[in-house]
Amino acid sequence: MITENTIFRKFLIKILLTIEYSVEKEKSSSLDFSSFPKRLENWEYLQRVQPDNGLITMGIGIIRLLLGIPTASEPFEFIASRSQSRICRILLVATRLRFSHYTQAYEEFQSLLGTYTDLDLPAFQVLAQAMCFATNKAGWCTFSGSGKLHLTFRRPVDPQDISVAIDGVRYPASSFKILSNNKKISITLPSEWKTFKQVHVTIQHDALLGGLFEIPHFLKTEGFVSSGPDGLSGWARYPSNPEGAVKLVLKPHHHSQKPIHFFTDTIKFFAPENIAGDAIKNSFSIKKEKLASKGTVFSVCSEYGKPLYGSPLALDPFAESARQYAQEIARLFPAVPLKESDSPPALLSEKSSTTRKWPSVAIIIPVYNGFSATKNCITLCLKHKAPHARFIIVNDASPNSDILEYLSQIKNKPAVLILNNEENLGFPKSVNRGLRHRRPQEDVVLLNSDTLVCRNWLTQLQRAAYTEADIGTATPLSNNATIFSYPSTTGINPIPDARACQDISAVMGRVWQGETVDVPTAHGFCMYVKSACLEQTGLLREDIFAQGYGEENDFSRRASALGWRHVACLGTFVGHAESQSFSPVKSDLIARNLHVLNGLHPGYDQLVTRWQNRDPLAPYRKKLDLARLHQSRPFLKSVILIRHDREGGILRHVWHRASLYEQAGVFAFVMVPERHRSGRLVWRLTSLRDKDYPNLTIPRNAFSFRALYKELNCTKFEIHSYIGSTIEKIFSLSELGLPYDVYIHDYSWFCPRITLVADQNHYCGEPDLQTCLSCINTFGSRTDDPAPLQKLRQWSQRILDTAEHVICPSQDAANRVTRQFTTIQTDVTPWEHILNVDTLFFPPKAHHEKRIVGILGAISIEKGYDILINLANFIKTHHIPIHLVIIGYSCDDAPLLETGVVTMTGRYQEYEIQPLTEKYAIDWFFLPSLWPETWSYVLTHIWASNRATIVYDIGAPAERIKQAGGGLVIPLHTSLPSLIAILMAPYNYLGVFKTQGDALGDLLVRP
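Residues numbered from 1 in each chain as written. Predicted model: local features only at pLDDT ≥ 70, side-chain atom pairs only at ≥ 80, totals over all residues. Heavy atoms only, no water.

Trainee: Even after reading the chapter, I still don't get the overall build of the protein chain, so can you show me in this structure?
Mentor: Helix and strand counts for the protein chain come out as 34 helices and 40 strands. For the protein chain, the C-alpha atoms occupy an extent of roughly 110 × 100 × 55 Å along the three principal directions. In the protein chain, buried positions account for 53% of the 1007 residues. Pairs at least 24 apart in sequence give 70% of the contacts found in the protein chain among residues at least 6 apart. Split by element, the accessible area of the protein chain, about 44400 Å² in all, is 52% carbon and sulfur. Taken together, the 106 basic and 97 acidic charged side chains of the protein chain have centroids lying 5 Å from each other. (Helix = DSSP H or I, 4+ residues; strand = E, 2+ residues; numbered from the N terminus. Buried < 20%, exposed > 50% of the residue type's maximum accessible area, 1.4 Å probe, protein only. Contact = heavy atoms within 4.5 Å. Areas by Shrake-Rupley, 256 points an atom, 1.4 Å probe, with all protein chains shown as cover. Lys, Arg positive; Asp, Glu negative; His and termini not counted. Charge placed at Lys NZ, Arg CZ, Asp CG, Glu CD.)

This is the structure in C-alpha cells:
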C-alpha cells in the first residue's frame, strides 16, 4: 500500500507536523501513531468550530488515510473543488490508490501530470511508480515548463520507440536533443516550442502515464497589479507551477525608459497556505522612489508580454489632474511677498548649538472673538517669541471691544504688525491678507487665536519642517486637532492650561529624536509652511471655503500634487481651545466644506481613513505616554490585571482590585484584548487615569508584553481570564518566568462552556473527559477559543501550576477547580465581606396576600430562564398570588411578559436596585441560577437592598447563605409545585432542609 511506503509516509508526516504547528502552535519532531484516533477526534471537532480552515481539513484527510479510513478522500475532494492545490491532488490520487479506486486514480493522475510542471519530490516519484504498477504503464512523462520533457520508466524502453507529436505532426524522439540516464530520458524541444499548441509523447507497443501537454497552459501567468501611495504592488502565479517565483516585466509608457525585469516572492512547497489549498498569490511590490524617474504610467506584464489585470495603470491615477488643479489655483491665488523696498528691516536669525541659522518666520494670527483665549494666545506668543520671528495679527473686524482695546495696547510692540479688516472676511481671506504681507523667502505659521504655545515651539516646528527638503508643512500635536490629537485621538481631551501644555511639550522635547511622521494633510490651528512650498502652491482658496474649515486641507492636497510632503512635528505641543468663533454653525459649515473638499480631491476621505487605520503615530503616542507616566511617577511600581473582552462581574472585581492597588501606591493597569482599527490584534492597557495614558497598546505576543512589563516596572501580573486573548497567548505569558497570580471567576479553564451547564440546560455534574468532549461537540464552545479541550486543560494546568497563587472567591469554586487540576493549591479569598446579613428575614404574609418576588440580573438559560418561564405559566394557570418582578432583563422577554404575572424593568444601574426594590415593594428575592457560580455579585446587591433571597443548593450563593444567613437554600431541581410552596412562604422552610436533610430534599425534587 502507498501509505506503507517509508518515503511517502514521511511525506505525510511532514505535512501533518506542519499543520499541527500552524493550528496548535506546538513543534514536535514526530507523531505517535497511537495518538492518531484521538487527534482525529479533536480535529474533527475543530473543523466544526473552524469550517473554513483548509489546514484542519487536510489534516483530517491525512490522518484518515494513515488510519485506513475510506472517507479520507472527502477532505481532499473538498479542497480540490475550490483550489488548484498540487499537494491536495497528490494526496487525492494516493487515497484513490489506497482504497483501490483505480479508474479515479488514473484519471486524476493524468490530470495532475498534464496540469503541473515536473516535481522533484521523492514522494511524487513513489506515487508515480505505484500508479504505473496499478495501471501497468511503462512509466510517466512530465513537462518542465522550460521546453523539456522528462520520461521516467519502471521497465526498459527502447528510445527508438518514443515519438513526439507537435500540433499533430509526429517526430521520432531522435529528432530532438536527448539525455538518457538510467531509467530517465530528457527530451529538449526546439527553441520555438513556445509557439506550439500541443505536445504529445507516446511509446510504440506500450503506454505512458501523462505525455499530453497543452503548451499555452504552461506559458500562462495570472496576476493583478494596483497602485497606491507607496508605489505598485500585486501578485502573480503560474497555474502550472503555483509555488514558483514568477518573472515579470515592468514597462514604463515613456518610450525613453527601459523595461525593468523582476521576480515575485516564492512560496515554499510545504508552506501552510500551499497545504491548505489557499489561492496562492506570490506577491511583489515596487517602491514609489524606484519609479520616480521612470514616469507615471506603467504596465506590468508576464515574461511573454501579456499584461496583468490592472495594467496599464498610473502610479497615482489622479496625479496629473491634481497637479493641474494645484497649478491653476497657484495662478489664481499667487503667494507674492512684499517687495524688498516695502519690507521692514530683517530680523536676526536664531542660532542653534550647531550655529544653524533658521529662516525668518511670520506668524499670522487672525482674531475675531473670544477675548480671553485670544489674549492668552498672543501673550504666550510674545513671551516665547524667537529672535527670527515676527507677528502679523489680522483683526477680522472684531465686534469685541476688549479685543480692540488689547490690540491697541500691543500694536507698537517690536515685531508686531496689526492689520485691520474693514469688514468681516472670514478665516481664509484674513489669512491670505496676512500672507500677502510676508517678506521674500519668509516662512509662515498659520496660528489660531485660541492656541497655547510653549517654550521653543517655533524652532521645534522648524526642526521638523527642515528635516527633509521636500517637506512643505509641519503640524504639532495638540489636545484638539483631529489626527494630531493627543493623548486621545478619538475621545475629547480636556483643554489644558499653559502650564499643562508646557509640561507635555517639555517631555516631548526630551523624547523626540528628530523623527517625523508623514500625514495626509496639515492642520490650520498651527501650521508651519515653508516659503518655497507656499510660493509654489499659492494662497488658501478664499473663494469657496467661506468662513473657514477645509481650506488648509485643500492647500495640503495641492502642495502634495506638486511634490511636497506634510509631517507631524513630534517635538512640541500646542494647546487648542477651538470654537471661539462662529460655533453655532460649525457643524453645518464643516459638512458643507468637506463636501467641497471631496469634490476637489476625489478620495480625500478614504485617504485620511486609510492613514487613521494604519495609525503611524501610535508608537510615538505610546512612547510619550510612558515618558509622561515616568515623569509623574519617578518611582513607578505597577501591576497588570488581565481580563476578558466581555461584560460581567469580572469587570467589577478587576476594577476593585485596581483601586486597592492604587490605594497602596501601586499603579494598576487593566489589560484587555482588542482589535485595532487596522485589524491588528492587540492588548490595550487601561487604568483609573485612562484619559491621561490611553495609548498603551501592544501586539498580542509575549515579547511585547515582557518589554512593556519592564518599562512599567511591574512587580507582578494577575490573570483574571484568558477569553478574548486565547489560552495559548496567556500560556505564553505564563512561560516568561514573571510572577503572577490567577483569579478564578468561572470554569472556562477546563470547560469551554464556561458555566458547567450542558444537556437540558442543567448542571453537568463535571463528568469524564469523553463526556465533556461529546458535550462540546454537541453544544459548542462559548469562549470562542480555538484550542481543543485536551490542549485547553493542558495549558490551564501549566498556567495554574506555575502561578504564585490561585485565588478562588469561594470554597465551592476551589473544590471544583482542584478536582480538575489535582496538583494545584488554591487560596480562598471572598471578593467581598458583607456584614449582618443574618438579620435579614422573610416577612410573614397572609395566605391570600400577593407575594412580590424579585429576580435580579440578566437572566440567561444558565441563570434560570427556563425555570422562570415555567414558574410564570404555573402561577398564571393556577392563579397563585405571586407576582414576579425582574429587575433587569432576560434572554427572551416576550414569553415572560405575555404571562401577565411578570414585570420587567430592563437594564439598570447598580444605584437603582434599592429604589426599584422599594418601588415594586418586593418581599424577597429568588435567585434561579442553575450553574455553580464562583461568587455572585447579584446576591450581594440583593442583600444591599435589605432583602433575603432563595437560592438553589449549588455554587457560591448557597455557600454564602449557609455561612452568613440572609436567605434560604433549597435543593437543586426542586419540583415546580414545591418551588411554588417555598416562594409562597419561605419562612416556613427556614431550618427545615438542615434538620430533615436529604429526605425532604428528595421529596421536593420529585415531579
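Trainee: Explanation requested: the pattern of salt bridges in the structure shown.
Mentor: Side-chain pairing between opposite charges can occur once the charged atoms of the two side chains come close. Applying the stated criterion across every chain, the model contains 39 salt bridges. Residues Arg565 and Asp518 are paired through a salt bridge, measuring 2.9 Å at the closest nitrogen-oxygen approach. Of the two residues, Arg565 is situated in strand β25 (residues 565-573) and Asp518 in strand β23 (residues 516-518); the sequence distance between them amounts to 47 residues. By relative accessible area, Arg565 is classed as partly exposed at 23%. A residue is classified by how much of its surface remains accessible, and Asp518, at 35% relative accessible area, is partly exposed. The residue Asp741 makes a salt bridge to Lys716 at a minimum N-O spacing of 2.4 Å. In this pair, Asp741 is assigned in strand β32 (residues 740-743) and Lys716 in strand β31 (residues 714-719), connecting sequence segments 25 residues apart. Across the pair, exposure class does not vary: Asp741 and Lys716 are buried alike. By sharing partners, the salt bridges in this structure join Glu766, Asp812, Arg816 and Arg819 into a single network. (Salt bridge = Lys/Arg side-chain N within 4 Å of Asp/Glu carboxyl O.)

Trainee: Hey, could you run me through the pairing of strand β20 (residues 443-447) in this one?
Mentor: Walk down a regular strand and you will see the side chains alternate between the two sheet faces. Burial runs high along β20: 5 of the 5 residues are buried. With burial as the criterion, each face of β20 is covered, one bearing Asp443, Val445 and Leu447 and the other bearing Val444 and Leu446. Two elements, strand β17 (residues 361-367) and β20, share 4 bridges in a ladder whose sense is parallel. In the sheet register, Ile363 faces β20, and the bridge partner there is Val445. Relative to strand β24 (residues 526-529), β20 is paired through 4 bridges, and the arrangement is antiparallel. Note that in β24 the partner of Val444 across the bridge is Val529. (Pairing = 2+ DSSP bridges.)

Trainee: In this structure, what is going on with the packing of helix α1 (residues 6-24) against helix α5 (residues 86-98)? I would like to understand it.
Mentor: Geometrically, a packed helix pair is captured by the angle between its two axes and the distance between the axes. Where α1 contacts α5, the two axes come as close as 13 Å, and the packing angle between them is 135°. As judged from the angle between their axes, α1 and α5 are oblique. α5 is crossed by α1, and the crossing has left-handed handedness. For the pair α1 and α5, the contacting residues are Phe8, Phe11, Leu12 and Ile15 in the first and Ile87, Ile90, Leu91 and Ala94 in the second. (Axes fitted to C-alpha atoms, helices over the stretch in contact; angles between N-to-C directions. Parallel < 35°, antiparallel > 145°, perpendicular 65-115°, else oblique. Left-handed = near helix turned anticlockwise from the far one by under 90°.)

Trainee: Whenever I open this one, the nonpolar core confuses me. Can you help?
Mentor: Grouped burial of nonpolar side chains is what soluble globular proteins tend to show. Residues Ile363, Ile393, Val445, Leu447, Trp457, Leu458 and Leu477 are the most contacted members of the largest nonpolar core, which totals 61 residues. Ignoring anything within four residues of it in the chain, the contact list for Ile393 reads Ile365, Val367, Ile378, Leu407, Ile410, Val416, Leu417, Ile418 and Leu419. Of all hydrophobic cores here, the second largest spans 57 residues; its members include Phe842, Ala872, Ile913 and Leu939. (Core = buried A, V, L, I, M, F, W, Y, C linked by side-chain atoms within 4.5 Å.)

Trainee: Even after reading the chapter, I still don't get unusual backbone geometry, so can you show me in this structure?
Mentor: Leaving glycine aside, a negative phi is the common case for residues, and trans is the common case for peptide bonds. The omega torsion across Tyr486 and Pro487 is 5°, close enough to zero to call that bond cis. Note that Pro487 resides in the loop between β22 (471-477) and α16 (498-511). The backbone of His205 shows a phi angle near 65°, a positive value even though the residue is not glycine. Even without being glycine, Ala397 reaches a positive phi, approximately 55°. Looking at the secondary structure, you find Ala397 in the loop between β18 (389-395) and α13 (401-410).

Trainee: Looking at this model, I keep getting lost on the sheet that holds strand β36 (residues 882-890). Mind explaining?
Mentor: Within a sheet, adjacent strands bond to each other through the backbone by hydrogen bonds, running parallel or antiparallel. Spatial strand order, β37-β36-β35-β38-β39-β40: 6 strands in an open sheet with parallel pairing. The two strands at the open ends of the sheet, each matched to only one other strand, are β37 (902-904) and β40 (967-970). Across this sheet, the average inter-strand angle for adjacent strands is 25°, counted without regard to direction. Taken together, the 4 bridges between strand β39 (residues 949-952) and β40 define a ladder with parallel strand orientation.

Trainee: How should the layout of surface pockets be read in this particular structure?
Mentor: In this model, the second largest pocket occupies a volume close to 1500 Å³. Contributing to the lining of the second largest pocket are 41 residues, with Glu647, Gly648, Gly649, Ala858 and Lys863 lying nearest its centre. Of all elements in the fold, only α22 (649-663), β35 (851-859), β36 and α31 (937-944) reach the threshold of two or more residues within the lining of the second largest pocket. (1 Å grid on protein atoms, 1.4 Å probe; cavity = no way out; pocket = protein on both sides within 12 Å on 5 of 7 lines; lining within 4 Å. Points joined across faces, edges and corners; volume = space filled by probe spheres on them.)

Trainee: What am I meant to see in α5 here?
Mentor: With 13 residues, α5 should reach 18 Å at 1.5 Å per residue; the first-to-last C-alpha distance of 18 Å fits that figure. The buried fraction of α5 amounts to 13 of the 13 residues, a majority that puts the element mostly inside the structure. Its side-chain oxygen at 3.1 Å from the backbone nitrogen of Cys88, Ser85 defines the N-terminal cap of α5. Positive backbone phi, at 65°, marks Ser100, one or two positions downstream of α5. (Expected span 1.5 Å × (residues − 1). Polar contact = N/O pair within 3.5 Å; in protein donor to acceptor, adjacent residues only side chain to side chain.)

Trainee: Even after reading the chapter, I still don't get the packing of aromatic side chains, so can you show me in this structure?
Mentor: We describe a pair of aromatic rings using the distance from one ring centre to the other and the angle between the two ring planes. Within this structure, the stated rule accounts for 29 aromatic pairs. Arranged with centres 5.8 Å apart and planes meeting at 25°, the rings of Phe731 and Trp795 form a pair that is stacked. With Phe731 in helix α24 (residues 727-734) and Trp795 in helix α26 (residues 789-802), this residue pair connects regions lying 64 residues apart in the sequence. A network of ring pairs unites the aromatic residues Trp683, Phe705, Tyr709, Phe717 and Tyr740 as a single cluster. (Phe/Tyr/Trp six-rings, centres within 6.5 Å; stacked < 30°, edge-to-face > 60°.)

Trainee: How should I be thinking about the state of the cysteines in this particular structure?
Mentor: Working definition of a disulfide: a covalent bond connecting the sulfur atoms of two cysteines. Per the stated rule, a full pass over the model turns up 0 disulfides. Its sulfur unpaired, Cys501 is 5.1 Å from the next cysteine sulfur, which belongs to Cys454. Cys381 provides the cysteine sulfur closest to Cys526, a residue in no disulfide bond, and the two sulfurs are 8.5 Å apart. Taking the relative accessible area as the measure of exposure, Cys526 reaches 0% and is therefore buried. (Disulfide = S-S within 2.5 Å.)

Trainee: What exactly am I supposed to notice about the pairing of strand β12 (residues 247-252) here?
Mentor: Judged from the 4 bridges that link them, β12 and strand β13 (residues 260-263) form a sheet pairing that is antiparallel. When the sheet's bridge partners are listed, Val249 is paired in β13 with His261. Pairing of β12 with strand β15 (residues 297-302), which is carried by 5 bridges, proceeds in the antiparallel orientation. Directly across from Leu250, in β15, lies its bridge partner Val300.

Trainee: Honestly, the sheet that holds strand β16 (residues 313-314) in this entry has me stumped. Any pointers?
Mentor: Across the sheet, 4 strands lie side by side as β13-β12-β15-β16; this open sheet has antiparallel pairing. A strand with exactly one partner marks an edge of an open sheet, and here the two such strands are β13 and β16. Here 2 bridges tie β15 to β16, and the two strands are oriented antiparallel to one another. Residue pairing in the sheet places Phe298 in a bridge with Leu313 of β16.

Trainee: Looking at this structure, how should I read the packing of helix α27 (residues 811-820) against helix α32 (residues 955-964)?
Mentor: Two elements in contact, α27 and α32, have axes whose closest approach is 8 Å; the angle formed by their N-to-C orientations is 135°. Taken together, the axis directions place α27 and α32 in an arrangement best described as oblique. In contact with Gln811, Asp812 and Arg816 of α27, α32 contributes Gly955, Ala956 and Glu959. When its residues are assigned to classes, the contact of α27 with α32 shows 1 nonpolar, 2 polar and 3 charged. (Nonpolar A, V, L, I, M, F, W, Y, C, P; charged D, E, K, R; others polar.)

Trainee: Would you mind going over the side chain of Ser299 with me for this structure?
Mentor: Relative to the assigned elements, Ser299 resides in strand β15. Polar side-chain contacts of Ser299 include one of 2.9 Å to the side chain of His253. The residues touching Ser299, leaving out its near neighbours within four places in the chain, are Val249, Leu250, Lys251, His253, Ser311 and Pro312.

Trainee: Mind showing me how you'd approach the side chain of Asp923 here?
Mentor: Looking at where Asp923 falls in the secondary structure, it is placed in the loop between α30 (913-919) and β38 (924-927). Not counting chain neighbours up to four residues away, the residues in contact with Asp923 comprise Pro843, Lys845, Lys850, Arg851, Ile852 and Arg947.

So, to be careful, I would describe these as geometric facts and stop short of saying anything about function.
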